[in-house]
Each structure stands twice: as C-alpha cells, then as structure tokens.
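Spelled out from the first residue to the last, the chains are:
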Amino acid sequence: MANHLLEVIDLKAYFITPSSVVKAVDGVSFHVDEKETLGIVGESGCGKTVTSLSILRLLPRPAGNIVGGKILFEGMDILQLSEKPLHSIRGGKISMILQDPMASLNPVFNIGNQLGEAITTHTKIKNSGLTARVIDMLKRVKIPSPEARIRDFPHQMSGGMKQRVVGAISISCHPHLLIADEPTTSLDVTIQAQYLQLLKELQAEFRMALIFITHDFGIVASMCDRVAVMYAGKIVEIAPVRDIFFHAAHPYTAALLKAVPKLEVDIDRLVSIKGQPPRLDKVPEGCSFSPRCPETKDTCLNEMPPLVEIGKDHYSRCWKSHGRS
C-alpha cells in the first residue's frame, strides 16, 4: 500500500438530533499525496464542507459526530488523537481556509496581531523575530507595504486583501496540507484569477498538498490533479482531472459538466439538472441519484452501487459502469 500524506477511509460524519439522523458524510474514502491537489466538487449540501471539517475534527458539537472510519495523516489516525497532539496539527501541519474567509478575521484586532497569534501558537518565535515573520508572510501573499499594513484592521482592507491575509495566516506555519473550502466564492473574476495563481505559487514554494473544494469546474481544470465528485454524502466518482472532463463515467458528473456554460455554443437556456439533491436524513433506497438520473433502471432503485475501479485511478459508483443496468 502506498504511503499517502492523507488517507480517509470509510469516513462517516452524522448530525444526530432527537428527531433525525443526517448522514452528511456516509462512507467517504480518498487519499492525497505530497504536493498533490485534490479537487472536491458537488452541489451545495453534498457533504464537501463536512468532509473537510471532519479531517480536523471541527464538526459543531453536540449534533455533529464522526461515527466511523479512519483519517490517517502521516501514518497517525487523527480520530484517535487526544486534544494536545491534535492542537499541534490544526494550523500547524494541516491548515484550512474556511468557506467565508472574511468572517475568519476578528474586527477588533489588527492584522499583525492575528497573523502573529497563529505563528506563536505553533512556534517559539517572539518579539522582533515574530514581527519579521509576519511581514515576510504578508510579502509572500503580495500585500503592498506590509510594514504599514500590519497595523491595519480588517475593515480597512478590501475583500481581496482580506482573502490574502487569511491565506497568509493559513501558510504561516508551513503546513504539509492546506484545505481551501470555496475560498474564491466572494471574489470577482479578476481578483479570483490572481488569488488562484497566488495559491499555486505558494503551494509550489512550500511544497504543500492541497484539497480544493469548489463548485467551479473552471477552477478544477486549472488547479487540480485529481477530482472527487460528491453527491448525497458519498463520493460517486474520483479520477485524474483529464479523465473527469473527457471520460466522465457517472451520470451525475456528466450532468454537472453539461451545466457548465460554453462560450462557443449559442443557446437560449442554460442546461440544469432536474430536481433537487435528497434530504440527507431521508436518502432514497438504492442509488441516491436515481430520482434525477436520466438512465435509471430497476437495479438503481433497489441497490446502492459500490465505488469500483473502472480504469487506472478512475473509480465510479454507478451500475452502468459495472455493466448491470
């Protein structure tokens, strides 16, 4: 078995309330190698963010619970760690850019304090050395006049600048793995392109692995080595990025790709996927995509297909791929 940087095995993360059990992540398995970029795509509510929060054991309690599986990081099972060693991993070896980076900054502390706190939590750097490290991190994310900017507060910065500050905080301790949860959602197209290029440069400089969560297949094409497609708490397809674009095996993946507008095609109405994703406390029997799938057969309605390899590093969860429908 290959030694992966991160390996998630049959992860199950449920939200348990007195009236229901929401299976937000239900048997997810994947791996990330050193310096690799894995994209995770899917509609809202499919389990992408819960998967990323589970890796760092940051699910909101008491409702959120990891009820099964393993999360192996550099050979250690994160789910078995006590709070002290887990604390050294969060923000140290594994860092995360949350879905709304603007809300990650505290409005009552200046940028220097917030970036410095992340560094002192995981290193012994202090005083003038700490100030120099903070300025250096701001330079690396290309914030102009960092010596002056460390005294600024979040409200004095634009959205793009705040995004860069959050990026500086996330890489300040040179993590081995960075999880970016839709970090470009609130940015305009020009700033988004600049930020993605910056992420690429930082990944190469610090030799980080990257998990990039997004809705945007354009970002997937430019950023990712492999792609995992999620639906209703499960991975339905995972493959190298070229295979996803040119040889999509699962009907859901194909439907997502058809919904991407093409500049060279003149159409009156954009393509959409009929229906809505299922409620995760009431997932239908059989394949969870079957109520929306144009290729549904009787087998799909009664049995959930397993995730099986259909080509080199290409896995699909569809009876059609298995030759049974």
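Residues numbered from 1 in each chain as written. Predicted model: local features only at pLDDT ≥ 70, side-chain atom pairs only at ≥ 80, totals over all residues. Heavy atoms only, no water.

**Some thoughts on the pattern of salt bridges**
For step 1, the next point in the chain: Applying the stated criterion to the full structure yields twelve salt bridges.
For step 2, the next point in the chain: Among the salt bridges present, the one from Glu74 reaches Lys93, with a minimum N-O distance of 3.5 Å. Of the two residues, Glu74 is situated in the loop between strand S4 (64-73) and strand S5 (76-77) and Lys93 in the loop between helix H2 (83-89) and strand S6 (94-97); the sequence distance between them amounts to 19 residues.
For step 3, the next point in the chain: Judged by relative accessible area, Glu74 falls into the partly exposed class, the value being 33%. (Salt bridge = Lys/Arg side-chain N within 4 Å of Asp/Glu carboxyl O. Helix = DSSP H or I, 4+ residues; strand = E, 2+ residues; numbered from the N terminus. Buried < 20%, exposed > 50% of the residue type's maximum accessible area, 1.4 Å probe, protein only.)

**Some thoughts on the packing of aromatic side chains**
For step 1, the next point in the chain: Per the counting criterion, the structure on display carries four aromatic pairs.
For step 2, the next point in the chain: Aromatic pair Tyr231 and Tyr252: ring centres 4.6 Å apart, planes at 55 degrees, arrangement tilted. Of this pair, Tyr231 sits in strand S9 (residues 226-231) while Tyr252 sits in helix H10 (residues 251-258), and the two are 21 residues apart along the sequence. By the burial criterion, Tyr231 is buried, and Tyr252 matches it.
For step 3, the next point in the chain: Relative to Phe289, the ring of Tyr231 lies with its centre 5.2 Å away and its plane at 85 degrees, an arrangement referred to as edge-to-face. With Tyr231 in strand S9 and Phe289 in the loop between H10 and helix H11 (298-302), this residue pair connects regions lying 58 residues apart in the sequence. For the pair formed by Tyr231 and Phe289, the shared burial category is buried.
For step 4, the next point in the chain: Taken together, Tyr231, Tyr252 and Phe289 form an aromatic cluster joined through their ring pairs. (Phe/Tyr/Trp six-rings, centres within 6.5 Å; stacked < 30°, edge-to-face > 60°.)

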